Amino acid sequence: MELAHNETVFDIPLPIIAHPHLDELLTTIRHEPIPWKEYQRMNLITLEELAMIEHVENKSPKEISSTMSEHGIHYAHLYLELMRKLARVDAVQKVLVLIHDMLKEHDERIELFHRASQGKTDSLFEPFHRALNINDEWVAIQSSRLLTLLICSSAEEHALVYDFFRWITFQLQSRQMAIVELNVQMLSGLFHVPSYRLVFWNTPHAVDSFLHVLMKKTVTPQRLYEGLFSLWLLTFEKQVCVHLNKKYDVIPTLMEIAKYAIKEKIIRMVIAIFKNCIQLAPRSNLSAMLVAKVLPFTEHLSTRKWSDQEIVQDIQMIKEALEINFQSLTTLEVYASEVETGKLEWSPPHTSENFWSENAIQLEKDQQRLLKMLTRLLSSKSPTVLAIACHDLGQYVKYRSKDGRLNIEKSGAKQRILELMTHEDSDVRYNALSAIQKYFAMV
């Protein structure tokens, strides 16, 4: 699966933003009457605007299409003007229904709004951006959808996208999955514009909120695919690939998603994400992928039959990169990768006396980086990780004698290990006790 790094949205179709919830809201608002004539008498709209509204409101799609084919630019002018000047929620709701009808199955008509706004001092985006703050679900959803279409079809970058991403970040935290899913679709469209990917990446709490959506067990396969597609677009940025797993530990999560996926397209997206991460930031991701058992997973995938030849090539590329990396890794590097990712398992380095006699001192390099990481793992919720961390710190003390004892006192590891001696898991208790015995043996 390929996408050029400099590809813009003009090379691809406009994003499809659709959801049954959106349809339900549309139906409800459409059937609510609105007193346009009264609003005209109140001078909220002009007689000409009233006539134009009545000409298309509640008309059939065929009639609307015919009108837009002939007078579309005039209706774009009308709707922009109404969005700028109307403040009543019911009126704004109806204008957004009218715009929906205009664009239905004809998203290319979004270009009419760009043409209609030329020469205007008021920004094309501002009326819809302002509408995001109206306390109405339909208004917020439809305005954000239109903003996405307008931004993605614009030839210029817009500072407004910074605020828009902050708004989307808040929506991703909604308890309504429909709202979350619609906003993921919007992100998919916006991420097709390369310059906006890092804007989202640098938006406070944006990536956390987005990744949390992918981790929900209740997400449907289609919505999961949409989320993975958005993440794949993000990974065309080197900065994202360098820091994504370090900051958010996504590789194990993606592995779990792919392992239990029924749909081929889910696996294909995970593989595509892995491919980008390896190509753009191999040093940041290969070791973590080895720890997460991506290599045996790709070996298994390579034996399956696939309908898409491209995924076969991607699987082979990832497998070969991991094999080369695995062969070049020292035992210490394999061990360090486990500690760095926090995914400790009873692999050979942990139980090898020879490994510890040669490498215990390595925990103190780079200002005790690995030692500090092991100490933090003593707060893990995983009994296996707790047991191995206790064991490793015990081995460290055993082979670093007085220096080791002093270092685990200063780091707070000794106190935490003492607490773990009463842990509910017997393996944790055993390894904590063993570590403390080694500590006192050095006194």
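What you are looking at is a predicted structure, and each value in this text was computed from that prediction instead of being measured.

## Some remarks on the overall build of the protein
At step 1: The helix and strand inventory of the protein stands at 26 helices and zero strands.
At step 2: Computed over the C-alpha atoms, the radius of gyration of the protein is 28 Å, more than 25% above the 22 Å expected from 2.2 N^0.38 for a compact globule of 443 residues.
At step 3: Its C-alpha atoms give the protein principal-axis dimensions of about 95 × 45 × 35 Å.
At step 4: Burial analysis of the protein (443 residues in total) assigns 55% to the buried set.

## With respect to the packing of aromatic side chains
At step 1: Per the stated rule, a full pass over the model turns up 15 aromatic pairs.
At step 2: With 5.1 Å between their ring centres and 85 degrees between their planes, Tyr439 and Phe440 make a pair best called edge-to-face.
At step 3: Ring pairing ties together the aromatic residues Phe165, Phe191, Phe200 and Phe210, which thus form one cluster.
At step 4: Stacked on the ring of Tyr225, the Lys or Arg Lys265 has its end atom at 4.7 Å from the ring centre.
At step 5: The ring of Tyr439 has Arg405 lying over it, and the distance from NZ or CZ to the ring centre is 5.8 Å.

## So, the packing of helix α1 (residues 20–30) against helix α8 (residues 137–152)
At step 1: Packing of α1 against α8 brings their axes to within 10 Å, and their N-to-C directions diverge by 120 degrees. As summarised for this structure, α1 and α8 are arranged oblique, according to the angle between their axes. The chirality of how α1 crosses α8 is left-handed. Taken together, the residues of α8 that come into contact with α1 (itself represented by His21, Leu22, Leu25, Leu26 and Ile29) are Glu137, Trp138, Ile141, Gln142 and Arg145.

## Here's the deal with the nonpolar core
For soluble globular proteins, the rule of thumb is that nonpolar side chains tend to be buried together.
At step 1: Core analysis: the largest hydrophobic core is formed by 124 residues, its most contacted members being Trp36, Tyr79, Ile99, Phe113, Phe165 and Leu228.
At step 2: The residues touching Trp36, leaving out its near neighbours within four places in the chain, are Ile45, Leu50, Ile53, Glu57, Leu86, Ala91, Lys94 and Val95.
At step 3: Counting residues in hydrophobic clusters, the runner-up holds 32 residues, among them Leu371, Leu386, Ala389 and Ala435.

## What about the environment of Gln176?
At step 1: Within the element layout of this structure, Gln176 appears in the loop between α9 (160–171) and α10 (177–190).
At step 2: Its relative accessible area of 38% is what places Gln176 among the partly exposed residues.
At step 3: For Gln176, the residues in contact, after removing those within four places along its chain, are His21 and Glu137.

## Digging into the packing of helix α14 (residues 238–248) against helix α17 (residues 282–291)
At step 1: Remark: α14 packs on α17, axes separated minimally by 8 Å, with the N-to-C direction vectors making an angle of 35 degrees. For the crossing formed where α14 meets α17, the hand is left-handed. Residue-level inspection shows Cys241, Val242, Asn245 and Lys246 of α14 in contact with α17, the latter providing Ser284, Asn285 and Ala288.
At step 2: Of the residues that constitute the contact of α14 with α17, the class distribution is three nonpolar, three polar and one charged.

## Points about the confidence of the model for the protein
At step 1: Looking at the protein as a whole, its pLDDT mean stands at 91, while 96% of the residues score no less than 70.
At step 2: The low-confidence segment residues 1–12 (pLDDT under 50) makes 32 contacts with residues lying over four places distant or belonging to another chain.

## Concerning the pattern of salt bridges
At step 1: On inspection of all chains with the given rule, the structure shows 20 salt bridges.
At step 2: A salt bridge links Asp101 to Arg30, with the shortest nitrogen-to-oxygen separation between them at 2.8 Å. Of this pair, Asp101 sits in helix α5 (residues 89–103) while Arg30 is found in helix α1, placing the two residues 71 residues apart along the sequence.
At step 3: On the basis of relative accessible area, Asp101 is assigned to the buried category, the value being 11%.
At step 4: For Glu364, the salt bridge identified is with Arg400, shortest N-O distance 2.8 Å. Of this pair, Glu364 sits in the loop between α22 (353–359) and α23 (365–376) while Arg400 sits in helix α24 (residues 383–411), and the two are 36 residues apart along the sequence. Arg400 matches Glu364 in its accessibility class, with the two residues each being buried.
At step 5: Because the salt bridges share partners, they merge into one network encompassing Glu181, Arg223 and Glu226.

## Quick notes on helix α11 (residues 194–201)
At step 1: α11 sits mainly inside the fold: six of its eight residues count as buried.
At step 2: Along α11, the residues classified as buried are Pro194, Tyr196, Arg197, Val199, Phe200 and Trp201.
At step 3: Those residues of α11 hidden inside the fold are in contact with α8, α9, α10, α12 (206–214), α13 (221–234) and α14.

## Observations concerning the environment of Ser307
At step 1: By the element assignment, Ser307 lies in the loop between α18 (294–301) and α19 (309–328).
At step 2: According to the relative accessible area criterion, Ser307 is exposed, its value standing at 69%.
At step 3: Separated by 43 residues in the primary sequence, Ser307 and Glu264 place their C-alpha atoms 8.7 Å from one another.
At step 4: Side-chain polar atoms of Ser307 contact the side chain of Glu264, separated by 2.9 Å.

## Here we look at helix α26 (residues 426–441)
At step 1: Spanning 16 residues, α26 covers 22 Å between terminal C-alpha atoms, matching the ideal 22 Å at 1.5 Å per step.
At step 2: Those residues of α26 that sit buried are Val428, Asn431, Ala432, Ser434, Ala435, Ile436, Lys438 and Tyr439.
At step 3: In this structure, the buried side of α26 is in contact with α24 and α25 (413–420).
At step 4: One side-chain oxygen of the residue at the start of α26 lies 2.9 Å from the amide nitrogen of Asp427, identifying that residue as Asp425.

Reading the values: rules and limits
- Residues numbered from 1 in each chain as written.
- Predicted model: local features only at pLDDT ≥ 70, side-chain atom pairs only at ≥ 80, totals over all residues.
- Heavy atoms only, no water.
- Helix = DSSP H or I, 4+ residues; strand = E, 2+ residues; numbered from the N terminus.
- Rg over C-alpha atoms; globule rule 2.2 N^0.38 Å.
- Buried < 20%, exposed > 50% of the residue type's maximum accessible area, 1.4 Å probe, protein only.
- Phe/Tyr/Trp six-rings, centres within 6.5 Å; stacked < 30°, edge-to-face > 60°.
- Lys NZ or Arg CZ within 6 Å of the ring centre and 35° of its normal.
- Axes fitted to C-alpha atoms, helices over the stretch in contact; angles between N-to-C directions.
- Parallel < 35°, antiparallel > 145°, perpendicular 65-115°, else oblique.
- Left-handed = near helix turned anticlockwise from the far one by under 90°.
- Contact = heavy atoms within 4.5 Å.
- Core = buried A, V, L, I, M, F, W, Y, C linked by side-chain atoms within 4.5 Å.
- Nonpolar A, V, L, I, M, F, W, Y, C, P; charged D, E, K, R; others polar.
- pLDDT = per-residue confidence, 0-100.
- Salt bridge = Lys/Arg side-chain N within 4 Å of Asp/Glu carboxyl O.
- Polar contact = N/O pair within 3.5 Å; in protein donor to acceptor, adjacent residues only side chain to side chain.
- Expected span 1.5 Å × (residues − 1).

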